[in-house]
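Structure at a glance
Next come the chains, spelled out residue by residue.
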Amino acid sequence: MAFERVGVVGLGTMGAGIAEVFARAGLRVIGVEADAEALARGRGHLERSTGRAADKGRLTAQERAEILGRVTLTTAREDLRDADLVVEAIPEILDYKISLFRDLDRICKPETVLATNTSSLSVTAVAAATGRPGRVVGLHFFNPAPVMRLVEVVSTVVSEPAVVRDVTELAGRLGKTAVSVGDRAGFVVNRLLLPYLNHAAVLMEQGVAGRDDIDLAMKQGVGLPMGPFTLLDLIGLDTAYEVMGVLFDETRDRRHAPAPLLRELVTAGLLGRKSGRGFYGEEQARSCAPGRSGVISFDVAGQGAQELARRLAAAGFKQVSEGADVVLRLADRPVVEHAVRLPDPATMVGVHLVGDRVAELAATVLTSGDAARAATDLMKVAGLTPVACKDRAGFVVDALLLPYLNDAVRMYDSGYASIGDIDAAMRLGCGYPAGPFEMLESLGLARVRDGLRALYAEYREPAFAPAPLLDQLVTAGASEFPRR
Ligand code: CAA
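Structural notes, computed from the coordinates. This structure is a prediction, so every number in the text was calculated from the model and none was measured.

1. A word on the pairing of strand 5 (residues 113–116)
Residues of strand 5 alternate between two faces, with V113 and A115 on one and L114 and T116 on the opposite face, all of them buried. Two strands pair when backbone bridges link them, and strand 4 (residues 85–88) and strand 5 are joined in this way by four bridges, in the parallel orientation. Its bridge partner being in strand 5, E88 is matched across the sheet by T116. Between strand 4 and its parallel partner strand 5, the chain crosses via helix 4 (residues 94–107), and the hand of that crossover is right-handed. Of the crossover connections in this fold, the one passing from strand 5 over helix 5 (residues 123–128) to the parallel strand 6 (residues 136–140) is right-handed.

2. Structural notes on the pattern of salt bridges
Applying the stated criterion across every chain yields a total of 30 salt bridges. A salt bridge links D450 to R449; its shortest N-O distance comes to 2.9 Å. Residue class for R449 comes out buried when judged on its relative accessible area of 12%. One salt bridge connects R449 with D471, and the closest N-O pair in it is separated by 2.9 Å. With R449 in helix 18 (residues 445–459) and D471 in helix 19 (residues 468–475), this pair connects stretches of sequence that are 22 residues apart. Overall, the relative accessible area of 23% leaves D471 in the partly exposed class. Each of R77, E78, D103 and R106 takes part in salt bridges that share partners, so that together they form one network.

3. Looking at the site of the ligand
Near the ligand lie 21 residues; those nearest to it are R52, R58, S119, H140 and N143. Take S119: an N or O atom from its side chain is 2.6 Å from an oxygen atom of the ligand. Out of a free accessible area of 1000 Å², the ligand has 70% covered by protein chains. If one sorts the elements of the shell around the ligand by residue count, helix 9 (residues 228–235) sits on top with three residues. Residues belonging to the shell around the ligand are distributed by class as follows: 12 nonpolar, six polar and three charged.

4. Examining the packing of helix 15 (residues 397–413) against helix 17 (residues 436–443)
In the contact formed by helix 15 and helix 17, the axes pass within 9 Å of each other and the chain directions differ by 120 degrees. Between helix 15 and helix 17, the interaxial angle falls into the category oblique. By crossing handedness, the relation of helix 15 to helix 17 is classed as left-handed. Contacts from L401, Y404, L405, A408, V409 and Y412 in helix 15 reach P436, F437, M439, L440 and L443 in helix 17.

5. Focus on the environment of S99
Considering the arrangement of structural elements, one finds S99 in helix 4. Residue S99 is classed as partly exposed on the basis of its relative accessible area, which comes to 43%. Linking S99 and V126, residues 27 residues apart in sequence, is a C-alpha distance of 8.9 Å.

6. A word on unusual backbone geometry
Along the chain, N143 connects to P144 via a cis peptide bond; the corresponding omega equals -5 degrees. Along the chain, P144 turns up in the loop between strand 6 and strand 7 (150–154). Positive phi is not limited to glycine here, since R252 has a value of about 55 degrees. Considering the arrangement of structural elements, one finds R252 in the loop between helix 10 (237–251) and helix 11 (260–267). One non-glycine residue, F395, adopts positive backbone phi at about 45 degrees. The topology assignment puts F395 in the loop between strand 14 (385–390) and helix 15.

7. What about the sheet that holds strand 7?
Ordered by their spatial adjacency, eight strands build an open sheet running 3-2-1-4-5-6-7-8, and the pairing between neighbours is mixed. Here the strands that pair on one side only, and so sit at the sheet edges, are strand 3 (71–74) and strand 8 (177–181). Each adjacent strand pair in this sheet contributes to an overall mean axis angle of 25 degrees, direction not counted. With three bridges joining them, strand 6 and strand 7 adopt antiparallel strand pairing. Across the sheet, the residue bridging to H140 is E152, located in strand 7. Along the sheet, helix 1 (residues 13–24) contacts strand 1 (5–9), strand 2 (28–32), strand 3 and strand 4; its crossing angle with strand 1, the most-contacted strand, is approximately 170 degrees. Packed on one face of the sheet, helix 2 (residues 36–55) meets strand 2 and strand 3 and runs near 160 degrees to strand 3.

Rules of the game
Residues numbered from 1 in each chain as written. Predicted model: local features only at pLDDT ≥ 70, side-chain atom pairs only at ≥ 80, totals over all residues. Heavy atoms only, no water. Buried < 20%, exposed > 50% of the residue type's maximum accessible area, 1.4 Å probe, protein only. Helix = DSSP H or I, 4+ residues; strand = E, 2+ residues; numbered from the N terminus. Pairing = 2+ DSSP bridges. Right-handed = clockwise from strand over helix to strand, strands pointing away. Salt bridge = Lys/Arg side-chain N within 4 Å of Asp/Glu carboxyl O. Near = heavy atom within 4 Å. Polar contact = N/O pair within 3.5 Å; in protein donor to acceptor, adjacent residues only side chain to side chain. Areas by Shrake-Rupley, 256 points an atom, 1.4 Å probe, with all protein chains shown as cover. Nonpolar A, V, L, I, M, F, W, Y, C, P; charged D, E, K, R; others polar. Axes fitted to C-alpha atoms, helices over the stretch in contact; angles between N-to-C directions. Parallel < 35°, antiparallel > 145°, perpendicular 65-115°, else oblique. Left-handed = near helix turned anticlockwise from the far one by under 90°. Contact = heavy atoms within 4.5 Å.

Right, dumping it as structure tokens:
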């Protein structure tokens, strides 16, 4: 089936982005909103997004006018009667979606394909509300829709294969890469991404590290395009909260229970970019004040210590083996275990180098404020970005990254998606520099497995225990995953 006229219901951030994607690909679009005010907001999204592209020289004024000219905006659902495809992008509330799909089923011609952009809700439940369940699929875009190259095509047990094939072909025509998946809460990307974002909020609530430090660690240390709190603000805290709730309902995994902080922010109307304020807003990001600790001597121990010592000595600091102002410990165990063996435990700070730009600095319960400040200054002098955190297994980066990698292994091992699809989904859906299996292999399977063991030992969280497949590959001495 050739799709030429498409409808988009709901013109919020996602719906307007999806309408733009269709119009850019030359399709005629009917955009539907509930009332005139919402319609005006939707028009604003479209005009701003295409306006920015024109300002950057990515579109000529004429191309922009043509794109906008292909979009008709209306408040009348009945205008969708002749559409070949209708994509729904209304809020993540199942009852709303079911009632909309009943209406669309009544309004649209029998061959129209109905698609939901749901992030997590059951496509099967939506399909079952219609008299054409075989022609209902999930078509899940990523924010910002005009930029992110992934589309998840979600089929149910009753989807007609020809419909799935046609929709997948359409994704290609839109310039997107389609990953075909079954109907499970969160599909590939949100199932892996949202628990990580939620966990970041939990770490912040527990005071393991602050907002800016966590964002910095994941962006600069791991090379992700955005830190978790910046991304939560982009996605919308209300959406993230709803998705977490749906994941939890399906899995009963307590890591999927939405962080109480998310609930509080959502209740306060702090939804992220769409409301002007979420984790960020108004206030300036904390500035990094230059050093002021007056440290003159340091000692450094642990694996990798030589390189750090070399950098610090080159910057003019003196390494002494006794009576140092600050003792840096490249940590392999809880830092406090090393600290208690020192004559002055207050001088010890744990260090974990992440990539070649970031140094996580873990102060123990015994570390003095002076030593913590001295360590921060030393890292800056050594050309590293310091990230302050508590002495907890995994510090920030491993605590966030390793469970995500473990989840990806479990997802693959469950047969839900292939390694290639999971890697592509995270690269193209979230702009990650590498997919989870690529990251696992470059970090080293044994290092990830051992890190997970340490996290499990600290938090006793069952989901942190290394996935059996990972454990077995390490035991077998493998350095790669089998591409079946
Ligand atoms: N709408 C349209 N275009 C946009 C845009 C928006 N909201 N934001 C940025 N862009 C465009 C810019 O115009 C620019 O385009 P050109 O290259 O053609 O000039 C391009 O994107 C890059 O933008 P910037 O240079 O301004 O900014 P950047 O390099 O920091 O990239 C980003 C911005 C693309 C958003 C990048 O930070 C990124 O990839 N972030 C990760 C986003 C992500 O993970 N999305 C998935 C969220 S999960 C989800 O959506 C699923 C769900 O169900 C919850």
